[in-house]
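Now for the letters of each chain:
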Amino acid sequence: MDKALKEKIKHDKFVEAVEQATEYAGSHRDQMVRYVGAGVVVVALAAGAYWFTQSRKEGRQAAIREVFAAREATVGPAPQSGALLAFPTQGEKDKAIQAAINKVTASYGGSEEANLAKYVQGAVAADQGKIADARKLYAEVANTGGNAGSLAKFALAGLDASDGNLTAAEKAFRELIANPTPVVSKEQATIALARAISKTNPTEARKLLEPLRSARAQISRNAIAALGELPPAPGK
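A quick note: this is a predicted structure, and the numbers were derived from the prediction, not measured.

Trainee: I keep staring at the overall build of the protein chain and nothing clicks. Help me out?
Mentor: A count of helical and extended segments in the protein chain gives 13 helices and 2 strands. Residues counted as buried form 46% of the 236 residues belonging to the protein chain. Long-range pairs, those at least 24 residues apart, make up 54% of the contacts in the protein chain between residues at least 6 apart in sequence. For the protein chain, the computed accessible surface area is about 11,300 Å², with 53% contributed by carbon and sulfur atoms.

Trainee: Would you take a moment to explain the packing of aromatic side chains for this structure?
Mentor: Ring pairs (aromatic) are described by centroid distance and by the angle formed between their planes. The tally for this structure, following the rule as stated, stands at 2 aromatic pairs. Look at Tyr119 and Tyr138: their rings are 5.7 Å apart centre to centre, the planes differ by 40°, and that puts the pair in the tilted class. Here Tyr119, found in helix α7 (residues 112–127), pairs with Tyr138, found in helix α8 (residues 131–142); they are 19 residues apart in sequence, far enough to count as distant. Take Tyr119: its relative accessible area is 1%, and that puts it in the buried class. Note on Phe154 and Phe173: the rings are 5.6 Å apart at their centroids and 70° apart in plane angle, and the pair reads as edge-to-face. Within this pair, whereas Phe154 is found in helix α9 (residues 146–162), its partner Phe173 is found in helix α10 (residues 166–178), the two being separated by 19 residues in sequence. We classify Phe154 as buried; its relative accessible area is 2%. Relative accessible area serves as the criterion here: at 3%, Phe173 is assigned to the buried category.

Trainee: Explanation requested: α7 in the structure shown.
Mentor: A turn of α-helix holds 3.6 residues, and therefore any two residues three or four places apart point the same way. Relative to the 22 Å expected for 16 residues at 1.5 Å per residue, α7 spans 23 Å between its end C-alpha atoms, a close match to the ideal helical length. Of all the 16 residues making up α7, 13 are buried; the element is thus mostly covered by neighbouring parts of the structure. In the segment just after α7, Gly129 is the residue with positive phi, at about 80°.

Trainee: Quick question: what am I supposed to make of the pattern of salt bridges here?
Mentor: Any two side chains of opposite charge can pair, so long as their charged atoms come close to each other. Under the definition given, this model contains 13 salt bridges. The partner of Glu204 in a salt bridge is Arg174, with the nearest N and O atoms 2.4 Å apart. Of this pair, Glu204 sits in helix α12 (residues 202–209) while Arg174 sits in helix α10; the two residues are 30 residues apart in sequence, bridging distant segments of the chain. Classification of Glu204 by relative accessible area gives partly exposed; the value is 24%.

Trainee: Can you walk me through the environment of Asn102 in this structure?
Mentor: Relative to the helices and strands, Asn102 is located in helix α6 (residues 90–107). Residue classification places Asn102 among the partly exposed residues on the basis of a relative accessible area of 39%. Along the sequence, Asn102 and Lys118 sit 16 residues apart, while their C-alpha atoms lie 8.9 Å from each other.

Trainee: Is there a simple way to think about α6 in this case?
Mentor: When the terminal C-alpha atoms of α6 are compared, their 26 Å separation across 18 residues agrees well with the 26 Å that a helix rising 1.5 Å per residue should span. Residues of α6 that are buried: Lys93, Ile97, Ala100, Ile101 and Val104. End-on view of α6: buried residues confined to an arc of 95°, all on one side of the axis. Residues of α6 that are exposed and point over 90 degrees away from its buried face: Lys95 and Ala106. Of the surrounding elements, those touching the buried residues of α6 are α5 (58–71), β1 (74–75), β2 (86–87) and α7.

Trainee: What exactly am I supposed to notice about the nonpolar core here?
Mentor: Core analysis: the biggest nonpolar cluster contains 54 residues, and Val67, Tyr119, Val120, Tyr138, Phe173, Ile191 and Leu209 have the highest contact counts within it. If sequence neighbours within four positions are ignored, Val67 has contacts with Ala100, Ile101, Val104, Ala117 and Val120.

Trainee: It is not clear to me how the environment of Ala172 should be interpreted in this structure. Could you clarify?
Mentor: Here Ala172 lies in helix α10. The exposure class of Ala172 is buried, given its relative accessible area of 10%. Sequence spacing of Ala172 and Leu156 is 16 residues, and the spatial spacing of their C-alpha atoms is 8.3 Å. Contacts of Ala172, omitting those with residues within four sequence positions, involve Lys153 and Ala157.

Cut-offs used in this document
Residues numbered from 1 in each chain as written. Predicted model: local features only at pLDDT ≥ 70, side-chain atom pairs only at ≥ 80, totals over all residues. Heavy atoms only, no water. Helix = DSSP H or I, 4+ residues; strand = E, 2+ residues; numbered from the N terminus. Buried < 20%, exposed > 50% of the residue type's maximum accessible area, 1.4 Å probe, protein only. Contact = heavy atoms within 4.5 Å. Areas by Shrake-Rupley, 256 points an atom, 1.4 Å probe, with all protein chains shown as cover. Phe/Tyr/Trp six-rings, centres within 6.5 Å; stacked < 30°, edge-to-face > 60°. Expected span 1.5 Å × (residues − 1). Salt bridge = Lys/Arg side-chain N within 4 Å of Asp/Glu carboxyl O. Arc of directions from axis to C-beta. Core = buried A, V, L, I, M, F, W, Y, C linked by side-chain atoms within 4.5 Å.

Taken by themselves, the reported measurements are silent on function.
This is the structure:
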């Protein structure tokens, strides 16, 4: 897979979702620290904040926390702070992620935590260039609906946009705009849609982004950045 395309896919899948979750985590930090500990708050920013603050099931909390901890772990020497896990090789990290995912799906099948774990599995597959596998996993989660489903639908739309299937991507992003969730906001989906159509319909992309200039800080920054990627408006 072309390296630039892979990097774009990774951006579409995670960065946008993390930015939205960051805002949520910022206003609920105390609750998050109680659930996952200050050292792994960053782990929850990968779209998991909702589950950590809402779930009342101790076992599910612990299991999904292990998935995120493994996912966000470093490869190489352990950080001096000891805040994150570290694995000597990428292979060992991948095994740990899969083991944590298997634990959640086997013990809590059908739950939102299990669906979220499967979403992470799809993200790992995409990182590894296994796009067909990622699509299959995302599609399974997207069909479950709910919060994990919205994340998977967002990821699928990002893959479609990266592959040039703009019709499918636009349809999915508009559906997410019409049906926002705590982990994929209306603004988040709007910015993603604008980026997807930026080359084919820059005028509409600009119309989508301009109102978000005055939105809350993170959304405003993202909208302004996306506006900066558009070609100059006619007459300017």
